[in-house]
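Residues per chain, in single letters:
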Amino acid sequence: MDGLMKGKRGLIMGVANDHSIAWGIAKKLSEQGAELAFTYQGEAFGRRVKPLAEKVNSRLLYPCDVEDSASINSVFDGLKEEWGSLDFIVHAIGFSDRNELKGLYANTTRENFVRTMVISCYSFTEVARKAAELMDNGGQMLTLTYAGSTRVMPNYNVMGVAKAGLEASVRYLASDYGPRNIRVNAISAGPVRTLAGAGISDARYMFSYQQRNAPLRRTVVIDEIGGSALYLLSDLSSGVTGEIHYVDSGYNTVSMPTMEELKR
Ligand code: NAD
């Protein structure tokens, strides 16, 4: 199928480089005709994001640090001026102090707890509210989560708590905006080697454990997450909102290690 996103305009938040999940999503949306704008966090990332945006014919790039409401507001002011309206947003943003993505969750500091929550959870709500102002004809919103929200994953710690809040936010936002035909969903991705992923201590062991134990016996790549995002952001999923959609080679469905693993 071609042109699923033809005539649709959307904002992609969270590209750091060409390994980013947000980039995998942006490529799929662009292939299907979407017109894209991007945000980047600071000038160093901006230098990497600009050539990527050019690859998908995007000229709209905005600096944005989601810890700062004024920074978020100026992105949406810019989009209002350029496009007037918006069809979709992708929020692929997460952060926590890597020193607390190891050891006991119980040792999480108040300061990092709050910062992790603001960046990794609350920012989606704030961005959704601003985006909804530009979605007079309905729209789609998508964020990225991880299964550490519902089950304990080693070292994921406070990020798991933030993702639990993020997933609840998806359901509340879906309820708030459903009457306006704005759909809100999340993809729960399996582990991917990205900058953010590398911040979690011993991530490579989780990666190889999933490769051995997921039903598909592999991890997922960003193009696969992009394909599922395309479904959730296009009319193909017009009846779907408030969902947490797993793209993880089926890992979330298994309850114990494979026999090969048990015999290792
Ligand atoms: P990434 O490092 O490529 O992207 C993370 C992005 O968050 C970066 O672009 C970074 O600039 C942005 N960010 C962090 N703090 C910010 C701030 N204050 N303001 C604005 N932007 C900020 O890594 P990724 O793995 O592609 O992460 C994207 C999303 O996917 C995150 O929410 C992450 O938790 C989620 N996720 C990742 C994995 C994985 O294994 N990599 C699995 C499931 C979910």
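In this report, the structure presented in the accompanying data block is examined. The structure displayed is predicted, hence computed values, not measured ones.

Scoring rules and cut-offs
- Residues numbered from 1 in each chain as written.
- Predicted model: local features only at pLDDT ≥ 70, side-chain atom pairs only at ≥ 80, totals over all residues.
- Heavy atoms only, no water.
- Core = buried A, V, L, I, M, F, W, Y, C linked by side-chain atoms within 4.5 Å.
- Buried < 20%, exposed > 50% of the residue type's maximum accessible area, 1.4 Å probe, protein only.
- Helix = DSSP H or I, 4+ residues; strand = E, 2+ residues; numbered from the N terminus.
- Contact = heavy atoms within 4.5 Å.
- Polar contact = N/O pair within 3.5 Å; in protein donor to acceptor, adjacent residues only side chain to side chain.
- Pairing = 2+ DSSP bridges.
- Near = heavy atom within 4 Å.
- Areas by Shrake-Rupley, 256 points an atom, 1.4 Å probe, with all protein chains shown as cover.
- 1 Å grid on protein atoms, 1.4 Å probe; cavity = no way out; pocket = protein on both sides within 12 Å on 5 of 7 lines; lining within 4 Å.
- Sits in = over half its atoms within 2 Å of the grid points.
- Phe/Tyr/Trp six-rings, centres within 6.5 Å; stacked < 30°, edge-to-face > 60°.
- Right-handed = clockwise from strand over helix to strand, strands pointing away.
- Points joined across faces, edges and corners; volume = space filled by probe spheres on them.
- Nonpolar A, V, L, I, M, F, W, Y, C, P; charged D, E, K, R; others polar.
- Axes fitted to C-alpha atoms, helices over the stretch in contact; angles between N-to-C directions.
- Parallel < 35°, antiparallel > 145°, perpendicular 65-115°, else oblique.
- Left-handed = near helix turned anticlockwise from the far one by under 90°.

Now for the nonpolar core. Counting 36 residues, the largest nonpolar core has Leu11, Phe76, Leu79, Leu86, Ile89, Phe124 and Met141 as its most contacted members. Looking at this core, the elements that each hand over two or more residues are β1 (9-13), β3 (60-63), α3 (69-82), α4 (110-132), α5 (157-177) and β6 (182-189). Those residues in contact with Leu86 that sit more than four places away from it in its chain are Arg9, Gly10, Leu11, Phe76, Leu79, Ala131, Leu134, Met135 and Gly138.

Turning our attention to the side chain of Asp87. By the secondary structure assignment, Asp87 is in the loop between α3 and β4 (88-91). From its side chain, Asp87 meets the backbone nitrogen of Arg9 in a polar contact 2.7 Å long. Beyond its immediate chain neighbours, meaning those up to four positions away, Asp87 contacts Gly7, Lys8, Arg9, Met135, Gly139 and Gln140.

Our next topic: the pairing of β4. Because side chains alternate across β4, one face comprises the buried residues Phe88 and Val90, and the other comprises Ile89 and His91, equally buried. Bridge count between β1 and β4: four bridges; the pairing is parallel. Looking at the pairing, Met13 lines up with His91 of β4. Note that β4 and strand β5 (residues 139-145) share four bridges and pair parallel.

Glancing now at the site of the ligand. If you check the shell around the ligand, you find 26 residues, and the closest are Ser20, Ile21, Gln41, Val192 and Thr194. Within the backbone of Ile21, a nitrogen or oxygen atom sits 2.9 Å from an oxygen atom of the ligand. In this structure, Lys163 approaches the ligand through a side-chain N or O atom, which is 2.9 Å from an oxygen atom. The fraction of the free accessible surface of the ligand (820 Å²) that becomes covered by protein chains is 93%. The pocket occupied by the ligand, as judged from atoms lying within 2 Å of grid points, is the largest pocket. Where the shell around the ligand is concerned, the elements lending two or more residues are β5 and α6 (195-198).

What follows is about the packing of aromatic side chains. Going through the model one piece at a time under the given rule, you end up with two aromatic pairs. Consider the rings of Tyr146 and Tyr156, whose centres lie 4.8 Å apart with planes at 70 degrees: the pair is edge-to-face. Taken together, the residues Tyr146 in the loop between β5 and α5 and Tyr156 in the loop between β5 and α5 connect sequence positions ten residues apart. Across the pair, Tyr156 and Tyr146 agree in class, each one buried.

We now examine the pairing of β6. By the criterion of burial, β6 is predominantly enclosed, with eight of the eight residues buried. Note that the unit made of β5, α5 and β6 has a crossover that is right-handed. Summarising the sheet, β6 and strand β7 (residues 244-247) pair through four bridges and their orientation is parallel. Note that in β7 the partner of Ile187 across the bridge is His245.

This next bit is on empty space enclosed by the protein. All chains considered together, the criterion is met by one cavity of 30 Å³ or more. The computed volume of the largest cavity comes to approximately 50 Å³. Surrounding the largest cavity, Tyr146, Ala147, Ser188, Ala189, Gly190, Pro191, Gln210, Tyr246, Asp248 and Tyr251 form its lining. Taken together, the residues that form the lining of the largest cavity break down as six nonpolar, three polar and one charged.

Two packed helices can be described by the angle between their axes and the distance between those axes. One way to put it is that α4 packs onto α5 with a least axis distance of 9 Å and a crossing angle of 20 degrees. Between α4 and α5, the angle falls in the class roughly parallel. Considering how the two elements wind past one another, α4 and α5 form a crossing that is right-handed. In contact with Asn112, Phe113, Thr116, Met117, Ser120, Cys121, Phe124, Thr125, Ala128, Arg129 and Ala132 of α4, α5 contributes Val158, Met159, Val161, Ala162, Gly165, Leu166, Ser169, Val170, Leu173 and Tyr177. Of the residues belonging to the contact of α4 with α5, the class tally is 14 nonpolar, six polar and one charged.

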